[in-house]
Structures are given as structure tokens and as C-alpha cells.
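Summary of the model geometry
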Amino acid sequence: MKQLIVCKLVLAICLLISCNSRTQNQTATPGSNKTVGGGCDGCELMYTGMPQQVNAVDTSEGWFEKGQKLIVNGTVFQQDGKTPAPGVIIYYWQTDNDGYYSPKPGMDEKAKIHGHLRGWVKTNEKGKYTIYTIRPAPYPNDVLPAHIHYSIKEPDVANEYYSDDLNFTDDSLLAPYLKRYPQENRAGNGVVQTVLQDGVQVCRRDIVLGLNIPGYRKE
């Protein structure tokens, strides 16, 4: 019971502060007063707990937990939508199989709002990345479709910025939600279709750097 109350409290705080990720209070990279993307409350947490070495493939703790296994593949492209972009860091965070951003003991206090299903990938020389995780569940008793948050940090852009969330075409909550809140197509279309392969859902989420990102500029 105590754990459930804590989870609900975390979810409520997240809905108010982080999950919409659409405020103007972003903290830029140290030493820079530029803000690309118009702000993203919570995206700066990508630096909290980030490993010294980030690889093109990451496995979240969710891969070993209950839930539908999910593999997200993708390529990050430069602004032309054709040229692969190496060295781009993507920070992702998501709900667990019950729809909560569930923290775990030992996590950094600041990062707990994103829960323990979070991680990083850095695109390889071909601009590719892969995430092994589970399919997130939607928030309990809410209208938001299930999603995975993305925060992007380019090596030659002053600060991180968010892309459209990764959503799923077969989510019954998606269509009515998009009627009210259409995606902005930030960094490309975030709605993906999954294919079942040996019991694992697989999808592709490509990124186009700077696409529909306000104030986008390289240093």
C-alpha cells in the first residue's frame, strides 16, 4: 500500500512537472546562455547519472522485468533528412508495465521523477541506435497514450531539446488524443508501428535533427 501511494505521488508530480515536457524553464549546457527548442522541463536530467561512455545500444532494466519486450531501432539524420548523424546522444525515459515512473532505491534523488526505466544511446558512425526495453503502459486512469520520452543532445548544439514522444499506432488512446493535441513533428514523426518477432515487439523511430525545433542553431 505504501509503495502504491508513493508511485501515485510520483505520477502526480510527473504530470505536473515533467511528463508534458513543454515548459520554458530549460537549463542550457553549462557556459551557454542559448536555448534551442523553446525549453523542456526535465530534459536536463539526461546529465544526471549519465555514464562516462555511452554506446549505440542500450538495455533498460525493463528488459528484465514483466511486460511486453520492445526493441526500438532508429537512425538519426542531419537536417537534410538523408545524411546520418554520428555522436548524437538520446536520453529516454518511460513508465513501467503498470504505467508509473517508478523509482528504485539508490537512484539519484533528482532522477527519481523519471523512474528507473531510463537510459542513453549515442549514435554510431552510421547514425544508428538501438534500445532494448519493455513497452510502456499508459498512465492509470488517464487519457494520455503510452509513450517514451526523448531528449536529444547534439555535439555542436548548445543544449538538449526534446523530440515528439514515441507513440504506438495500435494504442487505443492515441487517435482521440492526437485529435485534441496533434504532434508537432519535432525531430520527425514519433508515431511508430510495431512488428512482433519471436514474441518481441520491434519498431523504428528515426530522428531528423532540428526539424521543427524552435531556435535551432549549431554552435
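Being a predicted model, the structure only gives us computed values, none of them experimental.

Reading the values: the criteria
- Throughout, residues of each chain are indexed from 1 in the direction in which the sequence is written.
- Per-residue local features of the predicted model are confined to residues with pLDDT of at least 70, and side-chain atom pairs are confined, for both listing and counting, to 80 or more; whole-chain, interface and lining totals are unaffected and use all residues.
- Side-chain measures here rest on the full set of heavy atoms in the structure, leaving out hydrogens and waters.
- Classification of residues uses two cut-offs on accessible area relative to the type maximum, computed with a 1.4 Å probe and protein chains only: under 20% is buried, over 50% is exposed, and between them is partly exposed.
- Helix and strand definitions follow DSSP, with helices as H or I runs of at least four residues and strands as E runs of at least two, each counted in order from the N terminus.
- DSSP bridges decide pairing: two strands pair if at least two such bridges lie between them.

**Structural notes on the pairing of strand β2 (residues 69–77)**
Of all 9 residues in β2, 7 are buried; the element is thus mostly enclosed. In this structure, β2 lies alongside strand β5 (residues 128–134), joined through 7 bridges in antiparallel fashion. Bridge pairing in β5 places G74 opposite Y129. Alignment of β2 against strand β12 (residues 207–208), held across 2 bridges, turns out to be parallel. Residue pairing across strands places V76 opposite I207, the latter belonging to β12.

**Quick look at the environment of L196**
Relative to the elements of secondary structure, L196 occurs in strand β10 (residues 195–197). Judged by relative accessible area, L196 falls into the exposed class, the value being 57%. Each C-alpha atom, one on L196 and one on K69, is 9.8 Å from the other, the two residues being 127 residues apart in sequence.

**Some points on the sheet that holds strand β6 (residues 148–153)**
Strand order in the open sheet formed by 4 strands is β4-β3-β6-β7, with antiparallel pairing between adjacent strands. Edge strands, defined here as strands with exactly one partner in the open sheet, are β4 (118–122) and β7 (161–162). Where β6 and β7 come together, 2 bridges link them in antiparallel fashion. What sits directly across from S151, in β7, is Y162.

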